[in-house]
Amino acid sequence: SAGTAGTQTAGLYFGGYAPGGITAQTEKYDGSSWTEVNDLNTARGNLAGAGTQTSALAFGGGPPVKNETEKFDGTSWTEVNNLNTARQVLAGTGVSNNAALAFGGEITANSASAESFNGTSWTEIAALNSARYAHGGAGTTTSALAFGGSNPTTAITESWNGSAWSEVADLNTARYALAGFGSSNTSALAVGGFKTGDVHANETESWDGTSWTEVANLATGRQQIRGSGSTLTAFVAGGVDPSKTT
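Cut-offs applied
Residues numbered from 1 in each chain as written. Predicted model: local features only at pLDDT ≥ 70, side-chain atom pairs only at ≥ 80, totals over all residues. Heavy atoms only, no water. Pairing = 2+ DSSP bridges. Helix = DSSP H or I, 4+ residues; strand = E, 2+ residues; numbered from the N terminus. 1 Å grid on protein atoms, 1.4 Å probe; cavity = no way out; pocket = protein on both sides within 12 Å on 5 of 7 lines; lining within 4 Å. Points joined across faces, edges and corners; volume = space filled by probe spheres on them. Nonpolar A, V, L, I, M, F, W, Y, C, P; charged D, E, K, R; others polar. Contact = heavy atoms within 4.5 Å. Salt bridge = Lys/Arg side-chain N within 4 Å of Asp/Glu carboxyl O. Buried < 20%, exposed > 50% of the residue type's maximum accessible area, 1.4 Å probe, protein only.

Undergrad: Which parts of the structure should I look at to understand the pairing of strand S18 (residues 165-168)?
TA: Each regular strand shows side chains that alternate between the opposite faces of the sheet. Of the strand pairs in this sheet, strand S17 (residues 157-160) and S18 are connected by four bridges, and their pairing is antiparallel. Of the residues in S18, the one forming a bridge with Ser159 is Ser166.

As C-alpha cells, this is what we get:
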C-alpha cells in the first residue's frame, strides 16, 4: 500500500506499511537494486503517487485519512498544498510533480471525487461515474484510466479525456488492491490484487484503448501491490501474498 513513480529502470517506492506499522521510508530502484533515500515528511500507507524518480508526487493516505501532498525532487520531499478532500486507498497518475490526478478512494465511504494538480494547488474536476477505492490508475492529467476497485469488488473501467470520465470495457477479472500503471487511456496494465472471495490474484491484463487482454501472470499472486512503468517495461514491488510480505 505504498506510492510509486517512475519507470522499470528508474523507479521510486515510498510510504506504505512495514512490519512495524506505517512508514515514511523512500527507496530508489535502478533496474537491479534498491537504495534508501530521504523519507517522506508524513508517514502513511494507502497513498497514491505520480511522476518520475526525480519529479514525484505523494498524496493522500492514512490512517486516518490524510490530505497531505509532498513533492520529491530526486533528493528530498517538500510539503506543498493539500488535497481538497482527504482520502486513502485512492488512485493517482501523472507525468511529474507538477501534473497529476487523484481520483476515487475512501473518505468516510468510497468516493467518486477527482482532483487535478498543476504544480501549486489541487482543483476539483469531474467525478468518476462509479465510486470506489483500492482501484488502479494509469495515464496523464488529460488521458487517464481508472479500473477495478472495491465496495463491491468491480471490473468497471473508466476513461478520462481531460474533461469527463466515460465507462469503457471491463477488466476480465474483477479485483481490488491491484497495481495499475501506463502512459495513457489507451495503454495500461492491471496487475495482481484481490479477486472475488478474497483470493490473491496473479492475473495481469493489458489495455489497448478498446479492451483488456490477459498477458503473462505474476510469479506470486498478491494484493496491495504497487508498480510503475509502461505496458512493455515495468516493475512491481511489495504487497501481501497468502503467507508473507513480498
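Undergrad: Can you help me understand the layout of surface pockets in this one?
TA: Each pocket or cavity is described by its volume, and for the largest pocket that value is around 660 Å³. Lining the largest pocket are 46 residues, with Thr4, Gly92, Gly137, Gly180 and Gly227 sitting closest to its centre. Elements with a minimum of two residues in the lining of the largest pocket: strand S1 (3-6), strand S7 (48-51), strand S11 (91-96), strand S15 (136-139), strand S20 (179-184) and strand S26 (226-229). Taken together, the residues that form the lining of the largest pocket break down as 18 nonpolar, 27 polar and one charged.

Undergrad: Looking at this model, I keep getting lost on the environment of Val215. Mind explaining?
TA: Structurally, Val215 can be placed in strand S25 (residues 212-215). Residues Val215 and Leu189 lie 26 residues apart in sequence; the distance between their C-alpha atoms is 9.6 Å. Contacts of Val215, omitting those with residues within four sequence positions, involve Thr204, Glu205 and Ser206.

Undergrad: What am I meant to see in the pattern of salt bridges here?
TA: If the charged atoms of two oppositely charged side chains come close together, the side chains can form a pair. Tallied over the entire structure, the rule returns five salt bridges. Note that Glu70 and Arg44 form a salt bridge whose closest N and O atoms lie 2.9 Å from each other. Residue Glu70 is found in strand S9 (residues 69-72), and its partner Arg44 is found in the loop between strand S6 (34-37) and S7; the two are separated by 26 residues along the sequence. Here Glu70 and Arg44 have matching classes, each one buried. For the salt bridge of Arg175 with Glu205, the shortest nitrogen-to-oxygen distance reads 2.8 Å. Placement of Arg175 in strand S19 (residues 175-176) and of Glu205 in strand S24 (residues 204-207) is noted, with a sequence separation of 30 residues between them. For Glu205, a relative accessible area of 0% translates into the label buried.

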